[in-house]
Structure formats: C-alpha cells, structure tokens
Amino acid sequence: MQSILEIKDLVATIGDTQILNGINLTINTGEIHAIMGKNGSGKSTLAKVVAGHSAYSIVSGDILFEGSSVLEMPPEERARKGIFLGFQYPVEIPGVTNADFLRLAYNARRKEQNQEEMEPLEFFEYINKKLSVVEMDSSFLNRNVNEGFSGGEKKRNEILQMAILDTKISILDETDSGLDIDALKIVANGVNQLATSFNSILLITHYQRLLDYIKPDFVHVMENGKIIKTGDSSLAKELELKGYDWLKKS
C-alpha cells in the first residue's frame, strides 16, 4: 500500500488564531477515512489547508502528497495533481455552464498528466457516461455552475466533478450537510462507485448517517485542532450513541 497523503505535525492559523494544533494523519491508496468532531474542532480548516486555501498560514509541519511537500504549491496546482475538495457550501458561478467548467478543469488535469486536451464534442460523450454516477440528467450540463441548484443538486454536482477529474484523493467537507435521505443515498452511492484501490477518500462529517452508506476504514475524532482518537467504523456508531464528551473521560 502506498501513501497518498501524509500530514505531519501540522500547525496552522487564520489571522492571529491558531486552529490546527499538530495534526498527524496518513492516508494510503484504497482507504476511506472519516473525520468527525464538534463544530469548531478544526475539521473544515484541515480540508481547506490541504487544498491550499490562501486564508490560512502554516506555522509548522508538512503536507506530503505522494511523498512530496505541497506547502509551496498554489491550490490550482494541487488540484491539477489530483487533490480534490468537495465544498460544504458549493459556490455559484454565473455565466459559466457546467459543461464548460468541467471541460476546462478536466483538460487542466490532462495537461498535468501530459495528455492531449479533449475537444468539446469528445468531452460531451465522456461526461455523459459519468452522469449516471450521480443520477443527473444531461440538461444539468447546460445550466450555469450551481446557479439555482437545490442543495442536493449542488452536492451531486461536486461528486460529478470528482468523477470527471479522476482524482487521487477526494476530501469531501460535510457532503451530507442539508441533504434529504434520497439525495444522501445518491451522493453516497456515487462516492462508493468512485472509490478504488488506486485512490483515497477523506470524509468530513458531524453525523453517523453518511457513514451508514459509506463505510470508512478509519474514523478519526478531532477536538481543539488535534486528532484525539482513531478507530474503525464502529467508533462512529459509538459517537452517535454517546456524543463526544465521553472521549474526555476515557
């Protein structure tokens, strides 16, 4: 098994506030990890820092992607190399259709892999094969990115991006947030279809319910910017029953 993402003693701040306080985490190919924790524990910050969000500063530590540090890489370069972040609140992009947005992103990824870019017609055939992963109709491709989309449609659109880009590690930040049970099942089924022995997935969530449909190999609990406990999928069920406070007593 090969390490895809290795986070070493990571300390990060936003402004004068330190949020990550020494994170250590290794994710290998073929693994699904979940990070759980209360609001304000640092889960979303960790996702954004790995993706290269400019609002955060790294004080110390390192982030290795396939063995090489990404700390000096801008977010777009990290994305081209195969780091994908699915947002908790996907943004709308007026005036840009889904088809154009996805083709540009896909071709940027192909260029990184020294492959020829796809022409629009060829790409349309390629993307149509991926729509079934998230049960989306081809009419979505002609709509502007996330504009007027329901919460469920936005999250399904994120998983479609993940499918198109053939990412190496996908970090899904509260993908279950705001989803009804039907949308949750569609999104979870899409994630399960895209999980392979060659990539990895990191789920960030508050609740067990997403993990009823996507079974993680490892569950980590964050508090105050640190991982305080790691277990298998049964840990998520225990958290559902007991909450988080019992961890302080154990």
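Given the structure is predicted, the values throughout are model-derived calculations rather than measurements. (Residues numbered from 1 in each chain as written. Predicted model: local features only at pLDDT ≥ 70, side-chain atom pairs only at ≥ 80, totals over all residues. Heavy atoms only, no water.)

Caption draft 1: Just the sheet that holds strand S4 (residues 57–65), in detail. Spatially, the four strands line up as an open sheet ordered S2-S1-S4-S5, and their pairing is antiparallel. For this open sheet the edge positions go to strand S2 (17–28) and strand S5 (68–69), each flanked by a neighbour on one side alone. Here two bridges tie S4 to S5, and the two strands are oriented antiparallel to one another. Pairing of Phe65 across the sheet is with Ser68, part of S5. In the packing of helix H1 (residues 43–51) onto the sheet, the strands contacted are strand S1 (3–14), S2 and S4, and the crossing angle to S1 comes to about 110°. (Pairing = 2+ DSSP bridges. Helix = DSSP H or I, 4+ residues; strand = E, 2+ residues; numbered from the N terminus. Contact = heavy atoms within 4.5 Å. Axes fitted to C-alpha atoms, helices over the stretch in contact; angles between N-to-C directions.)

Caption draft 2: Highlighting a negative patch on the surface. A contiguous patch of negative charge on the surface is contributed by Glu116, Glu117, Glu119, Glu122 and Glu125. For Glu119, the position within the fold is in the loop between helix H3 (98–112) and helix H4 (120–130). Overall, the relative accessible area of 53% leaves Glu119 in the exposed class. (Patch = residues over 30% accessible without salt bridge, like charges linked within 9 Å, V, L, I, M, F, W, Y side chains within 5 Å. Areas by Shrake-Rupley, 256 points an atom, 1.4 Å probe, with all protein chains shown as cover. Salt bridge = Lys/Arg side-chain N within 4 Å of Asp/Glu carboxyl O. Lys, Arg positive; Asp, Glu negative; His and termini not counted. Charge placed at Lys NZ, Arg CZ, Asp CG, Glu CD. Buried < 20%, exposed > 50% of the residue type's maximum accessible area, 1.4 Å probe, protein only.)

Caption draft 3: Fine view of the sheet that holds strand S3 (residues 32–36). Pairing is mixed in the open sheet, where six strands are placed in the order S6-S9-S10-S3-S11-S12. In this open sheet, the two edge strands, each paired with only one partner strand, are strand S6 (83–86) and strand S12 (226–231). Going from strand to strand, the sheet's axes swing by 20° on average, the running direction of each strand aside. The pairing of S3 with strand S10 (residues 200–204) spans four bridges and is parallel. Within S10, the residue paired with His33 across the bridge is Leu202. Across the sheet, H1 lies against S3, S6, strand S9 (169–173), S10 and strand S11 (218–223), angled at about 145° from S6, the strand it touches most.

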